[in-house]
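Coordinate analysis (summary)
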Amino acid sequence: MCIRTVQQLNKRKTQLLAGEKKFPRKVIVCCGPGCLACGAQKIADGLRESLKKKKIKGFTVETVRETGCHGLCEKGPLVVVEPDGLFYTKVKPKDIDEIVSKTLARNEIIDRLLFTEPATGKTKKKYSSINFYRHQNRVALRNLGHIRPDSLDDYIAGGGYQGLARALLKMSPDQVIETVSKSGLRGRGGGGFPAGRKWRTCANVESDTRYVLCNGDEGDPGAFMDRAIMEGDPHSVLEGMLIAAYAVGSTEGYIYVREEYPLAVERLYEAIRQLEEEGLLGDNILGTDFSFRISIARGAGAFVCGESSALMKSVAGEVGEPRAKYVRSVIKGLWDKPSVLNNVESYANVPVIIMKGAGWFKKIGTDGSSGTKAFSLVGKVRNTGLIEVPMGITLREIIYDIGDGIIDDRPFKAIQTGGPSGGCLPESKLDLPVDFDTLTKAGSMMGSGGMIVMDDKTCMVDVAKYFLEFLVKESCGKCVPCREGLYQLHALAVKISDGKAVEADLDRMEQLSDVIIRGSLCGLGKSGPNPFLSTIRYFRDEYLAHIRDKRCPAGVCKNLITYEINDKCTGCLACIPACAYEAITGKKDEIHILDQKKCTQCGACYAVCRFDAIDVT
Amino acid sequence: MDKRFVVTPNLCTGCRTCELACAFSHSVNGKPGLSRIYPLSAGTDEAWVPVVCLQCENAACVKACLVDAIARNPETGALELDYDRCVRCMACVAACPFGCSLPDDQHSLVVKCDLCGGEPVCAMFCPTKALAHQEICSSDRKSA
Amino acid sequence: MVNLTVNGKLVQADEGEMLLSVIRRLKIDIPSTCHHDAVEPYGACRLCTVEITKTEWNGWKNYVTACLYPAEEGLIISTHAPEVIELRKTLLDLYLARSPGAALIREMAAEYGITATSFQKVPDGDNCILCALCTRVCDAMGFHAISSVNRGHGKEIAPPLKEPPPDCVGCLSCAQVCPTDFIQYKDKGKTRTIWGKKFKLLTCKDTGRPTITVEFAEHLSRQRNIPADYFEHDHESHRRQLALTLGKLAEWDRKE
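So, a few notes on the structure that sits alongside this text. Here the structure is a predicted model, which is why all the values come from computation and not from measurement.

**With respect to the interface of chain C and chain A**
With 32 residues of chain C in contact, the opposing surface of chain A contributes 30 residues. Counting each side, the surface lost to burial between chain C and chain A is near 2,800 Å², with a carbon and sulfur contribution of 56%. One salt bridge connects C:D93 with A:R508, and the closest N-O pair in it is separated by 3.1 Å. Where the side of chain C that touches chain A is concerned, the elements lending two or more residues are α2 (82-98) and β6 (147-149) of chain C. At 10 residues, the largest contribution of residues to the side of chain C that touches chain A is made by α2(C). Across the side of chain C that touches chain A, the residue classes tally to 17 nonpolar, eight polar and seven charged.

As structure tokens, then:
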């Protein structure tokens, strides 16, 4: 059965919706990366198994649905009963029978599986009433947690490919570009370049061939937005690419996705296969002259291959190194042909913009940055997970409302945004609206959407050191300022963290940063010193404490801290086996003794002590 | 204008003035370079002949060069070697059937006759006119 | 043709001509390690960075590598602006930390007043400055025998799997273009060794002197239609034969 016309598409949608009426209630099991890792597949299989054995009214095996990421990864695996919105967290296989016999059979709520709001201690039955979800506005992530990722039917039933149909049949390519331009959609991969302008430039270049590329090379540590979309709703990306291809006049597209995302690769292959089977990819799509094909290019996971020119080289099978862009890749890109490259999340937004109009999208967010943005909220925040918020929301709202504040109510210290080449913002910047321009002005950047929350136990020198080390390893190694400069910048950060630096080293680092920014070939190098620059900008005192006082205020830098046992020690013996270096001795019920000569400051004793008896100074 | 080297071996005395002139006109860092021309014995003790690049029409050196470093200068007709392009793979040296691409080991270069930009000094200085650079007519079979 | 200003001097250049070529034509000395005319500009060493501006940019300046920036109408270029000098000094300083033994780097650094690095010495540094001239030239010649492997600070140049490269013909171009003479090879008798691969050298039938490798000659015959017998003699032998031929012609001439 093929979908060759809009009528057929609509007919399929009607049939599917009618079919779904048989299942008014569903049990949804989140199978995003986080929940899967915590055993979500076992929950889904277990629910089916249980429903096979017991006859429950309204629930059959078909009503158990695995979906993409629901967002609240912290509390996974998640189980939702729809349409009620009943929300169970941290579900274990042993809970399955109880869920089936109580909740599904008798509508009884199992209190212990409900979400408890940390601030108030109140339990919440429905996920729509949880702060984490209440403040969100899901556009790019609209289908995540609702549809089965491997089902084209689910996507179509939910209004999928209607955007493509409208673009192909009711709009000229020019009107599509105009709509995207007017919507103010800016590149979600971090650059923030207006998508409409990019498409317009590409469409205007004289060429027989144009390429539409999708950047799925998400490489920031702690970021998983694009992964969640590719794994949870691959068709939204493909539909966005199809619309882009129609707009710029392309017949061939590539999705560049890293091999480290095996499920994303699998889902995309499957989605492409489904589309080819249905005729939604190939020649004369929906009965028009428009033909388009998509291939997948699998990357080996180099961070630099997320950079446009390196990505194109990698797709072409060459070494993934950026090239100088005196000719932009939108004019001369893949195989020297004009190429539009957008990020996964950008494409996922496009079908909605076409369906709901530029004005609708523009109303969300701020003047300069319209729409929403997905973030992966991680670090020392209570609710870690995948979120999508309107642009212009403040960092404070994200951390304290959606994230429910810092773990253990420790003081907030900094939030790292924009991935390794982004920056750290302190408490004083928490009320800044989150949009492309404000974050850049504050010395960080939007980036692709990683957000790492840090508390007072985080050392900013250590953070800078960590991200610099990442960049030293992930630099492509082509140009000298990035390859050698970042190496030396990292070496100087290590020197500070080791307590061996002098104040002149800070000047040296600032001067070197300047050269790296001015001299590097690509964006990775030019933003490479950011981990240092943004931390020195807001946390200079902490650097100086390391240099002048040889002290790490956060108690992290090993060379500058000592562990001591205080008189709260109950002599429980727990720390003695924990110490791999045999530095702690003592008898039961007597205060233990720590031998400083043997101590390597590994922190194992601190981690196991339940009596707060280890001091870090 | 089609100017060619005209070699008249019977006039060559093997005085090597051509070689000297060439070395000085192709100096490297102010010192004489490797001469692109030198007289060789033409078979007997008395007979000499100056051997120099013939700037072939379908030249083996051009074909052998994988980085396109040898190209004809349309004004002089010389096949000129671009030193900045040459990667010294020695393909032209090995391929020239007349041995006229020469390795200059001292300066790590490959050299060949470039007709001195149109007025070859070797011909200019040849005392016996055994070597001349002049317009030719097709019947002159001594031309090379 | 476009008009631009280099260090205050008005010059003309072809549109699209790279600035480095314009600057070198003016005999202005700016350093660069990764540029070679046989290959496309690469922009890795960043030493040829210059400051550019235009009157209409209202004082805004940009720093670009001359090898990769095409000439544009009205461009004002400064090849030795203080910021540029500082950039080059720092780059050479960084180079010295990694490759203190490379003569080229030492000379360039000395010209900018640097004799020793102020940075931490790179523990596993060597004389390879990763300009990638070797791999790019190898690619340009159509062999693709070697490539850069790994990335970041651990990047190096190597044949596939660090085994003798199957596609190498032993032409030595990589070693010849290496600006720091880092690529080692050995010619001993009729054998050449490079990248761990052994080659047999052709020898002249008359003089017995070695010329190029068997593989390279075969490649040239096959790909470039050069008769195989051209490679039977070395250049001196070829010359002598030409002299003898001309001598014979002259003899006939005398007899006529």
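Moving on, there is more to tell.
**Looking at the sheet that holds strand β2 (residues 64-67) of chain A**
As a general point, the strands of a sheet are linked pairwise by backbone hydrogen bonds and lie either parallel or antiparallel. Residues and elements named next belong to chain A. Strand order in the open sheet formed by four strands is β2-β1-β3-β4, with mixed pairing between adjacent strands. Single-partner strands in this sheet number two, and they are β2 and β4 (86-88). Strand after strand, the sheet turns through a mean of 25° between neighbouring axes, direction not considered. In the sheet, strand β1 (residues 26-30) pairs with strand β3 (residues 79-82) via four bridges, with the strands oriented antiparallel. In the strand pairing of β3, I28 is matched with V80.

**Quick word on the side chain of A:T394**
Mapping A:T394 onto the fold places it in the loop between β12 (385-390) and α16 (395-402). Beyond its immediate sequence surroundings of up to four residues, A:T394 is in contact with A:L430, A:D431, A:L432, A:P433 and A:V434.

**Quick word on the pairing of strand β11 (residues 210-213) of chain C**
All names here are of chain C. By the bridge criterion, two bridges tie strand β10 (residues 197-203) to β11 in an arrangement that is antiparallel. What sits directly across from T203, in β11, is P210. The antiparallel hairpin formed by β10 and β11 contains six residues in its connecting segment, where G208 sits at a positive phi of about 75°.

**Brief notes about the packing of helix α10 (residues 225-232) of chain A against helix α11 (residues 234-248) of chain A**
Residues and elements named next belong to chain A. Where α10 meets α11, the closest approach of the two axes is 5 Å, and the angle between their N-to-C directions is 95°. Of the possible angle classes, the one that applies to α10 and α11 is roughly perpendicular. Counting all contacts with α10, which are made through I229, M230, E231 and G232, the residues of α11 involved are P234, S236 and V237.

**Considering helix α6 (residues 214-224) of chain C**
Residues C:F216, C:A217, C:H219, C:L220 and C:S221 constitute the buried set of α6(C). In this fold, the buried residues of α6(C) make contact with α2 (60-64) and α3 (91-95) of chain B together with β10 and β11 of chain C. At the C-terminal side of α6(C), C:N225 shows a positive phi close to 55°.

**Re the sheet that holds strand β8 (residues 185-188) of chain C**
All names here are of chain C. Strand order in the open sheet made by the four strands is β8-β9-β10-β11, with antiparallel pairing throughout. The sheet terminates laterally at β8 and β11, the two strands that pair on one side only. Sheet twist, expressed as the mean angle between neighbouring strand axes with direction ignored, is 30°. As paired elements, β8 and strand β9 (residues 191-194) share four bridges and run antiparallel to each other. Looking at the pairing, K186 lines up with T193 of β9. Here α6 sits on the sheet and contacts β10 and β11; the angle it forms with β11, its principal contact strand, is near 65°.

Here is what the cut-offs are and how they apply
- Counting starts from 1 at the beginning of each chain's written sequence and moves along it residue by residue.
- Lettering of chains starts at A and numbering of ligands starts at 1, both following the order in which they are written.
- Per-residue local features of the predicted model are confined to residues with pLDDT of at least 70, and side-chain atom pairs are confined, for both listing and counting, to 80 or more; whole-chain, interface and lining totals are unaffected and use all residues.
- Neither water nor hydrogens contribute to the side-chain values; these are computed over all heavy atoms in the structure.
- Here, residues are in contact when the closest pair of their heavy atoms is within 4.5 Å.
- When two parts are put together, the accessible area they lose, computed with a 1.4 Å probe and summed over both, is reported as buried area.
- We define a salt bridge as a contact between a side-chain nitrogen of Lys or Arg and a carboxyl oxygen of Asp or Glu at a distance within 4 Å.
- Put simply, DSSP marks the helices as runs of H or I at least four residues long and the strands as runs of E at least two long, and each gets a number from the N terminus on.
- In this classification, Asp, Glu, Lys and Arg are treated as charged, Ala, Val, Leu, Ile, Met, Phe, Trp, Tyr, Cys and Pro as nonpolar, and every other residue, Gly included, as polar.
- Only strands joined by at least two bridges in the DSSP assignment are considered to pair.
- Axis lines are fitted through C-alpha atoms, for helices just across the contact stretch, and the angle between N-to-C directions can take any value from 0 to 180 degrees.
- By definition in this entry, angles of less than 35 degrees are roughly parallel, angles greater than 145 are roughly antiparallel, angles of 65 to 115 are roughly perpendicular, and the rest are oblique.
- Relative accessibility under 20% of the residue-type maximum defines a buried residue, over 50% an exposed one, and the middle range a partly exposed one, all with a 1.4 Å probe and only protein chains included.

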